[in-house]
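Residue-level structural notes
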Amino acid sequence: MKRLENKVAIVTGGGGGIGAAVARRLVSEGASVVIADLFEDAAAKAAEPLGDKALAVQFDAANPQSVKDMVDRTVGHFGRVDILHNNAAMTDPVKSPQDTTAPDIPLPIWQEILDINLTGYLLGCKYAIPHMVAGGGGSIINTASNSGTAGDLARIAYGSTKAAIIGLTKYVATQHGRQNIRCNSIAPGVVLTPALEKTVPGLKEIIQRHILTPEFGTPDDIAALVAFLASDESRYITGENISISGGGLVHQPHYADLLAFMEAGD
């Protein structure tokens, strides 16, 4: 399908994982894509196989001028902005593990995660929306998380920013819907990536007990949802947070233990 023919998209955090999968999917559906990432080499690597349909841009989600420059480069290169996928997040392997609990998280870590994960999304909307209005409308897709709808044992800053993204999404949808701009958030659960395979031994198996689908989702599954929300096929959907998590949060808390008990009795 070419549902996005002649559309121009920005994908932040596009240098790998979900972002790179989204960029590939959008291009396959006809869009031109700016792949924006803090790491320019990662963005370039993701853009190279996509040819002239993709442009790699280095940007810092926590820097307002950098976000504005990213949007301006998009318009300067491709002429417009129709789709914004806010997907950048704090992934620093040294800083991210310090995102723990309210008593223990260092305040500079809390602030940096808010700046990247939340304020960076606001900045993307701030600078892209005027171009969308000038072009007749657009679609914004924000990457939230199931961590924004339920608590966990760690990552208090990450989860708080993801909850705030869901609220931000509803405000943008409400304030700009009559300008033909839709805004939705997606809430991935655990997604099968090389990073997951290298995580704490046994963690993947523990989490898998709580999903309802036979397998974990992949970045391509997330990309399919983003492409749908970017397209006119979703024209009547706005302000929603869509969980894409294999049903991980839809059941009773005792589901996994009760299922194991029942299976043991067979």
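Keep in mind the model is a prediction, meaning the values are calculated, not measured. (Residues numbered from 1 in each chain as written. Predicted model: local features only at pLDDT ≥ 70, side-chain atom pairs only at ≥ 80, totals over all residues. Heavy atoms only, no water.)

To continue, consider the sheet that holds strand β2 (residues 32–37). Taken in spatial order, the 7 strands of this open sheet run β3-β2-β1-β4-β5-β6-β7, and their pairing is parallel. Strands at the two margins of the open sheet, each flanked by one partner only, are β3 (54–58) and β7 (241–244). Going from strand to strand, the sheet's axes swing by 20° on average, the running direction of each strand aside. The strands touched by helix α4 (residues 107–135) are β4 (83–86), β5 (138–143) and β6 (181–188); relative to β4, the strand with the most contacts, the crossing angle is about 180°. Running over the sheet, helix α8 (residues 219–230) touches β4, β5, β6 and β7 and is turned about 165° from β6. (Pairing = 2+ DSSP bridges. Helix = DSSP H or I, 4+ residues; strand = E, 2+ residues; numbered from the N terminus. Axes fitted to C-alpha atoms, helices over the stretch in contact; angles between N-to-C directions. Contact = heavy atoms within 4.5 Å.)

With that settled, the discussion passes to the packing of helix α1 (residues 17–28) against α8. For any two helices packed against each other, the geometry is given by the interaxial angle and the distance between the axes. Interhelical geometry of α1 versus α8 gives an angle of 50° and a closest axis separation of 8 Å. Relative to α8, the element α1 is oriented oblique. Regarding α1 and α8, the two cross each other, and that crossing is right-handed. Counted together, Gly-17, Ile-18, Ala-21, Val-22, Arg-24, Arg-25 and Leu-26 of α1 and Pro-219, Asp-220, Ile-222, Ala-223, Ala-224, Val-226 and Ala-227 of α8 form the full contact between these two elements. A breakdown of the residues in the contact of α1 with α8 according to their chemical character gives 10 nonpolar, 1 polar and 3 charged. (Parallel < 35°, antiparallel > 145°, perpendicular 65-115°, else oblique. Left-handed = near helix turned anticlockwise from the far one by under 90°. Nonpolar A, V, L, I, M, F, W, Y, C, P; charged D, E, K, R; others polar.)

Between its first and last C-alpha atoms helix α3 (residues 64–78) spans 21 Å; for 15 residues at 1.5 Å apiece the expected length is 21 Å, and the two agree. Residues of α3 that are buried include every one of Ser-66, Val-67, Met-70, Val-71, Thr-74 and Phe-78, and no others. With its buried residues spanning 140° around the axis, α3 presents them on a single face. Buried positions along α3 lie against β1 (8–12), β2, β3 and α4. The positive-phi residue at the C-terminal boundary of α3 is Gly-79, with phi of around 95°. (Expected span 1.5 Å × (residues − 1). Buried < 20%, exposed > 50% of the residue type's maximum accessible area, 1.4 Å probe, protein only. Arc of directions from axis to C-beta.)

Packing of α3 against α4 leaves a shortest axis separation of 9 Å and a crossing angle of 30°. Classified by the interaxial angle, the pair formed by α3 and α4 is roughly parallel. For the element pair α3 and α4, the recorded crossing hand is right-handed. For the pair α3 and α4, the contacting residues are Pro-64, Val-67, Lys-68, Val-71, Asp-72 and Val-75 in the first and Leu-123, Gly-124, Tyr-127, Ala-128 and His-131 in the second. Among the residues making up the contact of α3 with α4, the classes are represented as 7 nonpolar, 2 polar and 2 charged.

Read these as spatial facts, not as claims about activity.
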